[in-house]
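Tertiary structure, described
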Amino acid sequence: MLKLNPITDDPLDVYDAIVERKRPTDRRERLQKLRRRIQSAYARYDRRKPDLEEIVPGRFLDAKEDLLRCYKGPTGPRNKLYAKIKGLSAYWCAYCTAYTTATLDHYLPKDSYPEFCVLPANLIPACSGCNRPRDFRDSAGKRALVHPYFDPVPPTDRLLIAVVSVKDGLPRAKFSVDVSARSPFSKLYARHFELLSLRKQYGAAAVHVLAEAVRTVREWGAELTLKEAQVKLARQATAEEQAWGANYFKAALLRGAARSKAFLEYCFSGGT
Ligand SMILES: [Zn+2]
């Protein structure tokens, strides 16, 4: 996952700008009347973050369709907001970092919390695999989604582990979260990993990264020993970590590949 800084636009200014462009006029007027209630809902979000499982949905049932239109119906200000937030993570999905950003995910789902559907702090750049209809809690009601803006994502703790092996003649990787680190964050991260089915998502994405690593190590193999190639691969993993954080998908995978003697031998053997 990535740690991101939210955009700094005043959230009520964003709401006002979007509402101002809403048609028909009666919808715009209804949304303008909601402003004070939206303001207090935004204040609740701000007070509770990141423990957002404690937020009770506001009673916006009658206004739900109007509110959702602020997000669904494209207007200039809404498109500007969308583009600005998508740009926050360069191009990686903030939840998984293995796939590119395709959409904005509503951290608190817009269906249950329509009052937050254009709150910038509730909009996360995400890939289409991570942005599926789902709760942000697990079946026990515990918060199970890391909030990239507000959770204390550790930049250097290596919690995402990839074990790289060679099976049936092909390199593959198995991912897990190290929960032995006794921090509340590692437990939340493990729930995040389960909620988003990251083991499966990462398994699929790993194929391409490992194929690229094999090609690279084979090129080195002409000049380097296996041990030297291992050190160089570990350095590449560190460079990825420094750019994107210790739990960036590719950093974890290259760390795992550099630790795997079987993987390096596979590269050096020609892999037939
Ligand atoms: Zn994703």
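A quick note: this is a predicted structure, and the numbers were derived from the prediction, not measured.

This part takes up helix α5 (residues 76–86). Regarding α5, the residues found buried are Pro77, Arg78, Leu81, Tyr82 and Ile85. For α5, the arc enclosing every buried residue in end-on projection is 140 degrees, short of the 170-degree limit, so these residues lie on one face. In this structure, the buried side of α5 is in contact with α1 (11–20), α4 (64–72), β1 (103–106) and β2 (123–126).

Looking now at the pairing of β2. Here β2 shows two buried faces, one formed by Leu123 and Pro125 and the other by Ile124 and Ala126. By the bridge criterion, four bridges tie β1 to β2 in an arrangement that is antiparallel. Of the residues in β2, the one forming a bridge with Thr103 is Ala126.

Those donors, Cys93 (SG), Cys96 (SG), Cys127 (SG) and Cys130 (SG), are the protein atoms that reach the zinc ion, and they lie 2.3 to 2.4 Å from it. Angles of 104 to 114 degrees at the metal separate the four donor atoms of the zinc ion, which places the site in the tetrahedral class. Judged by its relative accessible area of 0%, Cys93 is buried.

Per the domain assignment, the segments making up the protein are domain 1 (11–126) and domain 2 (160–269). The distance between the C-alpha centroids of domain 1 and domain 2 comes to 36 Å. Each partner contributes to the interface: domain 1 provides eight residues, whereas domain 2 provides 11 residues. Summed over both partners, the interface of domain 1 with domain 2 comes to about 760 Å²; 64% of that surface belongs to carbon and sulfur atoms. It is Tyr95, Thr97 and Tyr99 in domain 1 that bury the most area against domain 2; as a group they hold 52% of the surface buried on that side. Joining domain 1 to domain 2, the criterion identifies zero salt bridges. Where domain 1 meets domain 2, there are five residue pairs in polar contact (both at pLDDT 80 or more). Among the residues making up the side of domain 1 that touches domain 2, the classes are represented as six nonpolar, two polar and no charged.

What the rule picks out here adds up to 20 salt bridges. Between Asp105 and Arg134 there is a salt bridge whose closest N-O contact spans 3.2 Å. One end of the pair, Asp105, is in strand β1; the other, Arg134, is in the loop between β2 and β3 (160–167), with 29 residues separating them in the sequence. Arg134 carries the same exposure label as Asp105, and that label is buried. Put simply, Arg199 and Glu194 hold a salt bridge, and the shortest N to O gap is 3.8 Å. Three or more residues joined by partner-sharing salt bridges are found here, namely Asp26, Arg27, Arg30 and Asp66.

Criteria and thresholds
- Residues numbered from 1 in each chain as written.
- Predicted model: local features only at pLDDT ≥ 70, side-chain atom pairs only at ≥ 80, totals over all residues.
- Heavy atoms only, no water.
- Buried < 20%, exposed > 50% of the residue type's maximum accessible area, 1.4 Å probe, protein only.
- Helix = DSSP H or I, 4+ residues; strand = E, 2+ residues; numbered from the N terminus.
- Arc of directions from axis to C-beta.
- Contact = heavy atoms within 4.5 Å.
- Pairing = 2+ DSSP bridges.
- Donors = N, O, S within 2.8 Å, 3.2 Å for Na, K, Ca; no water.
- Tetrahedral: all angles 85-135°; square planar, octahedral: opposite > 155°, others 65-115°.
- Domains from an automatic or database assignment.
- Buried area = accessible area lost by both parts, 1.4 Å probe.
- Salt bridge = Lys/Arg side-chain N within 4 Å of Asp/Glu carboxyl O.
- Polar contact = N/O pair within 3.5 Å; in protein donor to acceptor, adjacent residues only side chain to side chain.
- Nonpolar A, V, L, I, M, F, W, Y, C, P; charged D, E, K, R; others polar.

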